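# Descriptive structure summary
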Amino acid sequence: MAAFTHVLSRRAVPAVPVILFLLAIIVRLPNGIFLTVDEAYHWIALSKRFATTLSTGNFADTFYFGHPAVTTLWLGVAGHWLYDTLTVPEIIGEGKDTFYPLVRLPAALVTALAIALSYPLLKRLFGFHLALLAALLWIGEPFLVAHSQLFHMDATLTSLMTLSLLLMLIALEDGERPLSRSPWWIGSGLVFGLGLLTKSPALLLIPMAGLIALFRQWDAIRDIRSFVKALIGCVAPLCVWGGIAAIVWTVLWPAMWVKPLATTWGVVSEILFDGGAPHPWGNFFMGRAVDDPGPLFYLVAIPFRLAPWTLIGVLLWVGFTVTDGRRAWSGSNRWLLLLALFVVLFVAAISVMAKKFDRYALPVFPALTILAAAGICRSAGFLWRGITRFVVVPPQRFIVAGYACAIITLAINLYAYFPYYLAYYSPLLGGGAAAEQILPVGWGEGLELAAAFIAAQPDGKDRPIAVFYQPVLRPFAPAGVAPLQAIQDPRRVDYAVAYIDQLQRNTRPELHQLFRRLQPLYTVRIHGINYAYVYQVPPPVAQPLKADFGEAIHLRGYDLDASAIRSGGALTITLEWQARAPVDNDYVLFIHVLNDRAERVAQIDVPLGTDHWPSRTWRAGRCFSTLYRVPLPFDLPAGTYRLAMGVYDPHTFARLSLRTDGERAADAGEHALLLTRITIP
């Protein structure tokens, strides 16, 4: 067992952190394929405003939210600078395909760098093998990859909190100097300050810092007096740790330079009043739209978001720890227990808050990958010992094969979900199809596919698209966007998109009622999840008349222009259609003009559809307007005439069966609809 544990550690090269960084940034390289809600509504524009504010010296205006997102905004400034630096001299072209990746790149670099910096800390705490496997799992965890590619706070917060926590554990492990003078402890405080500048949940590191300061003096605690003394002894290291964080907070946030009290209160009020309130547009859990999903939300969401091997590895570690009993608090497993304690405290704290999203639990994911690595490494040791009872397997080969399997498995999994890692849900629990029935899904991904489908239609670039998240879709919509309520005015928009996020939460239910009457033209489906539904907004009908020809073709109504009968010798008819199912043939439409003796005085037989939309291209849910000119004899007597119509197959001349609540034109043959009567003066 000792050979298995240490065989490669002596061969570990200094290049490992560099290799890990390169692997991490490769899988985290941002793209401009889609845009998330928060990026579109907040961070991209605010980072530009942040840069402008810095250049003008209006430092008070660098406070926008109580999050406070300052590190995110600094990273955004770097991204904007990088974009300008490369586009102004025309090194790269302008546009969303270059803008979004470059704005996101600095944050991705930070998350990749955090893994590389964490590896030597993990190696010191747990040894080479566990550290390397934990880093690899961290690199390849889909939920972490998904958020590391975005311009947002949560991945940056996660990296900084994990790095600060690991530095605390190193300071605890290093007993050579007091905590308050430990460079590891000071470094932890510095990184904590950066985390606090990113998002307020970093405050949950404070109880961990207090516990670790207390554990440092644990051996000296024998009674109440010594316990009180130990508590007093925690004050100095906590003051140093918090003081370093306060300095970072003040130095890097310009608003603190000019309005420190107002800025600090803004953060506090955000925590007290906004974080504790439910989302104003509601939430979704266990198949229901709710205000607060309740305390079980993260206990369900976290397993769904973990890769199967990470979840299994964590369960294995828990099993080993329970089996070890008192021996669990020995050796490096102590640090694992403290990481597990952080996971429990963090999840418990955010479960109390009414506002919940799965990404709020992201800071515990690196700790879970470390615990999973511990469980997998220990299981691998048992497996190796079992194999060597029957076959001689050099430990080097076993270890190399194990790492190769891990890297290949992680790579295949990431490749399979590229680029939509936000759509990753554990296959062990049913994947995306199960998740959309249980958890809130969708953060803007998939809307770009809806826009691409609409843009590919012959009329897709004529009018704006009606959608709830207008800023998210705007960069991908050729003719722009309109608010979702625009579907109530068919003259304003041709297409509308319903997104899973609004459907789950039942946002704007009065508009969803309109969608339920329609059939979607296209469904955006990503990894088993129906993300978005594209609808054609039915154009208005002058004269409603419902009739079905066959199973697929539905007549919605018509419009009639008889003004040119005498002057132009023709009648103009506009028919409004909708396909109820895909149409698989080029059908022919007939229109007969019948007099009061049932004699046919005029007729047309024309292909059903238009030049852009012949009937064989009709797909379910789409509406079509077709205009026809029916020539009439110039000597047609005055009187009342009937218009009969129907649809037939040009190969067999068989008419499609007619179903209607209107009148039939029996004297025009079987399956003929009486469209209307006209009086010709």
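For the structure, check the block above.
Right, let's walk through the structure included here. (Residues numbered from 1 in each chain as written. Predicted model: local features only at pLDDT ≥ 70, side-chain atom pairs only at ≥ 80, totals over all residues. Heavy atoms only, no water.)

### Notes on the overall build of the chain
Counting secondary structure elements, the chain contains 25 helices and 16 strands. The C-alpha radius of gyration computed for the chain amounts to 33 Å, which surpasses the reference 26 Å derived for 681 residues by more than 25%, pointing to a less compact arrangement than a globule. For the chain, the C-alpha atoms occupy an extent of roughly 115 × 70 × 55 Å along the three principal directions. When each of the 681 residues of the chain is scored for burial, the buried share is 54%. Across the chain, contacts joining residues at least 24 apart in sequence account for 73% of those joining residues at least 6 apart. Separation between the mean location of the 54 positive side-chain charges and that of the 46 negative ones in the chain comes to 12 Å. (Helix = DSSP H or I, 4+ residues; strand = E, 2+ residues; numbered from the N terminus. Rg over C-alpha atoms; globule rule 2.2 N^0.38 Å. Buried < 20%, exposed > 50% of the residue type's maximum accessible area, 1.4 Å probe, protein only. Contact = heavy atoms within 4.5 Å. Lys, Arg positive; Asp, Glu negative; His and termini not counted. Charge placed at Lys NZ, Arg CZ, Asp CG, Glu CD.)

### Some points on the sheet that holds strand E10 (residues 570-579)
Spatially, the five strands line up as an open sheet ordered E13-E10-E9-E8-E15, and their pairing is antiparallel. With partners counted over all chains shown, the strands left at the sheet margins are strand E13 (623-631) and strand E15 (658-660), one partner each. Sheet twist, expressed as the average angle between the axes of neighbouring strands with direction ignored, equals 30 degrees. (Pairing = 2+ DSSP bridges. Axes fitted to C-alpha atoms, helices over the stretch in contact; angles between N-to-C directions.)

### Examining the sheet that holds strand E11 (residues 588-594)
Strand order in this open sheet of four strands is E12-E11-E14-E16, and the pairing throughout is antiparallel. Both outer strands of the open sheet, strand E12 (600-607) and strand E16 (673-680), are each paired with one neighbouring strand and no more. Strand-to-strand twist of the sheet, defined as the mean angle between neighbouring strand axes without regard to direction, takes the value 20 degrees. As paired strands, E11 and E12 are joined by seven bridges and run antiparallel to one another. Bridged to Leu-594 within E12 is Arg-600.

### Quick word on the packing of helix H2 (residues 16-28) against helix H5 (residues 96-126)
For the pair H2 and H5, the least separation of the axes is 8 Å and the interaxial angle reads 150 degrees. In this view, H2 runs roughly antiparallel relative to H5, as classed from their interaxial angle. The hand of the H2/H5 crossing is right-handed. Judged by residue contacts, Val-16, Pro-17, Leu-20, Phe-21, Ala-24, Ile-25 and Arg-28 of H2 engage Ala-108, Leu-109, Thr-111, Ala-112, Leu-113, Ile-115, Ala-116 and Tyr-119 from H5. Grouping the constituent residues of the contact of H2 with H5 by class yields 13 nonpolar, one polar and one charged. (Parallel < 35°, antiparallel > 145°, perpendicular 65-115°, else oblique. Left-handed = near helix turned anticlockwise from the far one by under 90°. Nonpolar A, V, L, I, M, F, W, Y, C, P; charged D, E, K, R; others polar.)

### Section: the pairing of strand E14 (residues 639-648)
Counting buried residues in E14 gives eight out of ten residues, a clear majority hidden from the surface. Sheet analysis places E11 next to E14, joined by seven bridges and oriented antiparallel. Bridge pairing links Ile-591 to Met-645 in E14. Two strands pair when backbone bridges link them, and E14 and E16 are joined in this way by seven bridges, in the antiparallel orientation. Of the residues in E16, the one forming a bridge with Leu-643 is Thr-676.

### What to know about unusual backbone geometry
What you tend to see is this: most non-glycine residues have negative phi, and most peptide bonds are trans. Note the cis peptide between His-67 and Pro-68, where omega equals 5 degrees. Inspection of the secondary structure assignment puts Pro-68 in the loop between helix H3 (37-56) and helix H4 (70-87). Here the bond from Phe-418 into Pro-419 is cis, since omega is -5 degrees, no more than 30 degrees from zero. Structurally, Pro-419 is set in the loop between helix H19 (395-417) and helix H20 (431-438). Its identity is not glycine, yet Ala-69 carries a phi of approximately 65 degrees, on the positive side. Summarising the element assignment, Ala-69 is placed in the loop between H3 and H4. Located in the positive-phi region is Glu-90, a residue other than glycine, with phi close to 60 degrees. Among the secondary structure elements, Glu-90 is positioned in the loop between H4 and H5.

### Examining the pattern of salt bridges
In total, this model carries 24 salt bridges according to the counting rule given. A salt bridge links Arg-49 to Asp-61; the shortest N-O distance between them is 2.8 Å. One end of the pair, Arg-49, is in helix H3; the other, Asp-61, is in the loop between H3 and H4, with twelve residues separating them in the sequence. Overall, Arg-49 belongs to the partly exposed group, its relative accessible area being 38%. By relative accessible area, Asp-61 is classed as partly exposed at 22%. The network of salt bridges with shared partners includes Asp-38, Asp-154, Lys-199 and Arg-359. (Salt bridge = Lys/Arg side-chain N within 4 Å of Asp/Glu carboxyl O.)

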